Structure formats: structure tokens, C-alpha cells
Amino acid sequence: MEATTRQEYITCSGLYKIYKAAGLEVVALRGLELTVYDGEIIAIVGASGSGKSTLLNILAGYDSPSAGTARVGEYDLLHMTNKEVVNYRRHEVGFIWQETSRNLFPYLTSAENVELPMVLTGVSQTARTERAQELLEIVGLGHRLGHKPEQLSGGEQQRVAIAVSLANQPPLLLADEPTGELDDLTGQEILDLFNEVNQQLGTTIVIVTHDPAVATSVGRAITIRDGKTSTETTRTISFQRRVGGSASDTEEFLIVDSTGAVQIPREMLDQLDINRRVRVGVDEGKVTLESGE
Ligand SMILES: Nc1ncnc2c1ncn2[C@@H]1O[C@H](COP(=O)(O)OP(=O)(O)OP(=O)(O)O)[C@@H](O)[C@H]1O
Ligand SMILES: [Mg+2]
């Protein structure tokens with residue numbers, strides 16, 4: 001199914017996040033635009049400090065935006081009561097951190113770690129045990145139910161973390177650099193698992209990374225630069241070809257923000273000697289830009 005025919009699930013428009021630290025203001029997000037469709041798996045790619053974690057923390061309900069629009073499903077992230085925030089975090093989103101150790105309690109087994117979020121939502125013991133086993137089987141760790149994190153490899157710990165994040169069947173999974181501490185092969189296996197979860201359970205998944213290679217493992221990759229989404233790369237491949245991360249046809253687009261602005265790549269501006277202003281025209285259905293200096 002084409003993404004454009006799907007229902008919008010995440011909508012961010014003109015999104016701002018301003019941090020105030022030691023009397024200084026840091027604009028971490030500046031008019032960010034993002035649309036994610038129900039059931040999609042996408043990557044947000046950007047350099048260190050570009051605002052990736054800021055965006056993900058807002059989508060996770062850990063932090064609140066300063067201005068703009070941010071909606072996820074039925075939730076308006078700019079106007080949530082405390083009770084809505086608690087509900088949102090418990091039922092709408094699962095979160096996976098880069099640091100494998102941050103995702104799991106070291107003194108609990110894999111099964112107990114997966115059961116814990118269900119204790120908080122009042123699921124019965126029998127249902128918890130059953131679901132924990134089922135989820136650990138989905139992530140390929142049905143044979144490691146009784147192992148504690150230190151008895152698991154880094155990749156296995158991230159698999160348990162994915163099972164934990166899915167415990168309360170959230171429609172949205174957010175992962176901040178989930179493969180950052182893993183070697184390339186293990187990292188690819190984790191990305192394949194995200195694709196499988198997306199296909200099997202229909203979970204919408206947003207993966208944040210500084211590694212452009214991750215973009216080849218998902219349907220759509222969006223680049224974030226200086227707190228703003230700037231380009232979008234769309235692939236035209238099937239799930240079977242996506243698993244394994246094979247290269248394929250891609251198309252790159254610039255993102256038009258809510259004010260009509262686009263970020264033109266620096267190389268193009270330099271090539272055309274465009275500095276402070278441009279002359280804009282329409283020529284046979286195409287918009288043209290030429291230096292106005
Ligand atoms: N709590 C905070 N207080 C003040 N400034 C912050 C805070 N959190 C982030 N920032 C600033 O906001 C900007 C974006 O940070 P963010 O953590 O979102 O970047 P990132 O893209 O996740 O980078 P990385 O790849 O290094 O994790 C940075 O300039 C950072 O210094
Ligand atoms: Mg970060």
C-alpha cells in the first residue's frame with residue numbers, strides 16, 4: 001500500500017523546542033515538519049546535535065514542545081494533562097534507548113523484564129507470563145527466558161528491550177540509536193527484527209540514528225539538520241528485499257515546511273553562486289531558482 005493513501009498517525013508542524021540552560025536559550029527544534037503514516041517504519045537521520053533525541057523525547061511524552069503542532073493518534077502533545085501523559089506513555093508508546101543497560105533491570109530475568117510494564121497496567125499473572133513468553137519468542141529469545149541481562153550478549157539484550165517495549169501492545173515504537181552499541185552484523189539483525197515487528201504486529205516504528213546506512217533498512221528516511229527536517233528519501237522496495245538491507249531504487253525529496261520554505265543543499269547553492277537572495281520563476285511546470293546577486 002502506498003504511504004500516501006494511509007492515515008496520518010504522527011503529525012508535527014512548525015514544531016519548536018527551546019531549552020533554557022544557565023541563562024542561555026538553545027533552539028533544539030526550529031519549525032520541524034514530520035508526517036508518519038499508520039503502520040510505517042521510518043528512520044530519522046542526522047548529525048550529532050541536530051535535534052534527533054529532542055524530537056524522540058517529545059514523541060515519547062518525556063518532554064514537552066515549546067510551540068507548534070505535535071499529534072500522535074488521538075493525543076495532542078502540546079496540551080496534555082498529567083493524567084493523559086501517564087496514559088500516553090503506558091499505552092501509546094514503547095521506547096528503546098541506545099544504552100543496552102538502560103533498557104533492562106539487571107537483577108530481573110528476560111521474562112521478568114518483559115512482565116514488568118504489564119504489572120503497572122494491571123495485567124493478570126497468567127496473562128503476563130503467557131505474553132512475555134510469546135514476545136520473547138517473537139524476538140527470537142524463547143530459549144533465554146530465565147537469563148539475566150549480564151548473561152546475554154548486547155544484541156540479545158536489545159532483543160529483550162524490544163520485547164519489553166512491546167509488552168503493553170503500544171501502536172508506536174520509538175528507538176533512539178538502538179544499534180549504536182552493536183557491531184554491524186548484530187545491528188543489521190536488530191533492524192531486521194524491527195521490520196519483522198512492523199510487519200507482524202503493524203506497529204508504527206520511528207528509529208533515530210546518525211548512521212545513514214540505517215536508512216537502507218527502512219521504507220523512508222528523513223534527514224534532520226539544525227532542528228529541522230530537510231530531506232526525505234523514499235525507497236520502492238518490498239519487505240522481503242528490505243530485510244537484509246539490500247540496496248534499491250531511491251528518490252530524494254526536499255521537505256517544504258508550513259511557511260513554504262525549503263532548505264536547498266549548500267552544494268547546489270554554491271554551484272549556482274546563490275547567496276542572499278534568488279530569483280524564482282515557473283518554467284514548464286517546474287520552479288526555477290537563479291542567483292539574485
Ligand atoms: N536538556 C537540555 N538543555 C539544554 N540544551 C539541550 C538539552 N538537550 C539537548 N540540548 C541541545 O539541543 C541540541 C539538540 O540535542 P539532541 O540531543 O536532540 O541532539 P541529537 O541529534 O540527539 O545528537 P546526538 O546524535 O549526539 O545524540 C543540542 O545543541 C543540545 O546541546
Ligand atoms: Mg541523541
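This write-up is about the structure you can find in this document. Here the structure is a predicted model, which means the values were calculated and not measured.

**Looking at the overall build of the protein**
The secondary structure content of the protein amounts to nine helices and 13 strands. The globule rule puts the C-alpha radius of gyration for 293 residues at 19 Å, and the 21 Å found for the protein is close to it. Counting only C-alpha atoms, the protein reaches 70 × 45 × 35 Å along its principal axes. The burial tally for the protein puts 35% of its 293 residues in the buried class. Considering only contacts within the protein whose residues lie at least 6 apart along the sequence, 66% involve residues at least 24 apart.

**Let's talk about the site of ligand 1**
Around ligand 1 sit 13 residues in total, of which Y19, A28, S48, S53 and T54 are the nearest. Breaking the shell around ligand 1 down by element, the ones donating at least two residues are strand 1 (8–21), strand 2 (24–37) and helix 1 (52–59). Broken down by element, the shell around ligand 1 gets its largest block of residues, three residues, from helix 1. For the shell around ligand 1, the class distribution of residues is four nonpolar, eight polar and one charged.

**Some words on helix 4 (residues 110–120)**
Helical periodicity: at 3.6 residues per turn, an α-helix aligns residues three or four positions apart in one direction. For helix 4, the set of buried residues is S110, A111, N113, V114, E115 and M118. Buried-residue contacts for helix 4 involve helix 5 (125–138) and helix 6 (154–165). With its phi angle positive at about 75°, G122 sits one or two positions after the end of helix 4.

**Considerations on the packing of helix 4 against helix 6**
To characterise two packed helices, one gives the angle between the axes of the helices and the distance between these axes. In contact at an axis separation of 8 Å, helix 4 and helix 6 are set at 25° when each is read in the N-to-C sense. On the basis of their axis angle, the class for helix 4 and helix 6 is roughly parallel. Considering how the two elements wind past one another, helix 4 and helix 6 form a crossing that is right-handed. Facing helix 4, whose interface residues are S110, N113, V114 and P117, helix 6 presents V160, A163 and V164. Within the contact of helix 4 with helix 6, the residues separate by chemical class into five nonpolar, two polar and no charged.

**Considering the sheet that holds strand 3 (residues 41–45)**
Taken together, the seven strands give an open sheet; going across it, the order is 6-7-8-3-9-10-11, and neighbouring strands pair in mixed fashion. Every other strand in the sheet has two partners, leaving strand 6 (93–96) and strand 11 (250–254) as the edge strands with one partner each. Each neighbouring strand pair of the sheet contributes to a mean axis angle of 20°, computed without reference to strand direction. Relative to strand 10 (residues 228–235), strand 9 (residues 220–225) is paired through six bridges, and the arrangement is antiparallel. Bridging from a neighbouring strand, I222 pairs with E232 of strand 10.

**Regarding the sheet that holds strand 4 (residues 67–72)**
The four strands are arranged 2-1-4-5 in an open sheet whose pairing can be described as antiparallel. Where the open sheet ends on each side, the last strands, each with one partner, are strand 2 and strand 5 (75–76). Across the sheet, helix 1 touches strand 1, strand 2 and strand 4, and the angle it forms with strand 2 is around 65°.

**Some words on the pairing of strand 12 (residues 278–283)**
Taken across its six residues, strand 12 has zero buried, putting it largely on the surface. Note: strand 12 against strand 13 (residues 286–291), six bridges, orientation antiparallel. By the bridge assignment for strand 13, G281 is matched with T288. In textbook terms, the turn of a hairpin is the stretch between consecutive antiparallel strands, and for strand 12 and strand 13 this stretch comprises two residues, one of which, E284, has a positive phi near 45°.

Thresholds applied
- Residues numbered from 1 in each chain as written.
- Chains lettered and ligands numbered in written order.
- Predicted model: local features only at pLDDT ≥ 70, side-chain atom pairs only at ≥ 80, totals over all residues.
- Helix = DSSP H or I, 4+ residues; strand = E, 2+ residues; numbered from the N terminus.
- Rg over C-alpha atoms; globule rule 2.2 N^0.38 Å.
- Buried ≥ 20, exposed ≤ 12 C-beta atoms within 10 Å, placed from the backbone.
- Contact = placed C-beta atoms within 7 Å.
- Near = placed C-beta within 6 Å.
- Nonpolar A, V, L, I, M, F, W, Y, C, P; charged D, E, K, R; others polar.
- Axes fitted to C-alpha atoms, helices over the stretch in contact; angles between N-to-C directions.
- Parallel < 35°, antiparallel > 145°, perpendicular 65-115°, else oblique.
- Left-handed = near helix turned anticlockwise from the far one by under 90°.
- Pairing = 2+ DSSP bridges.

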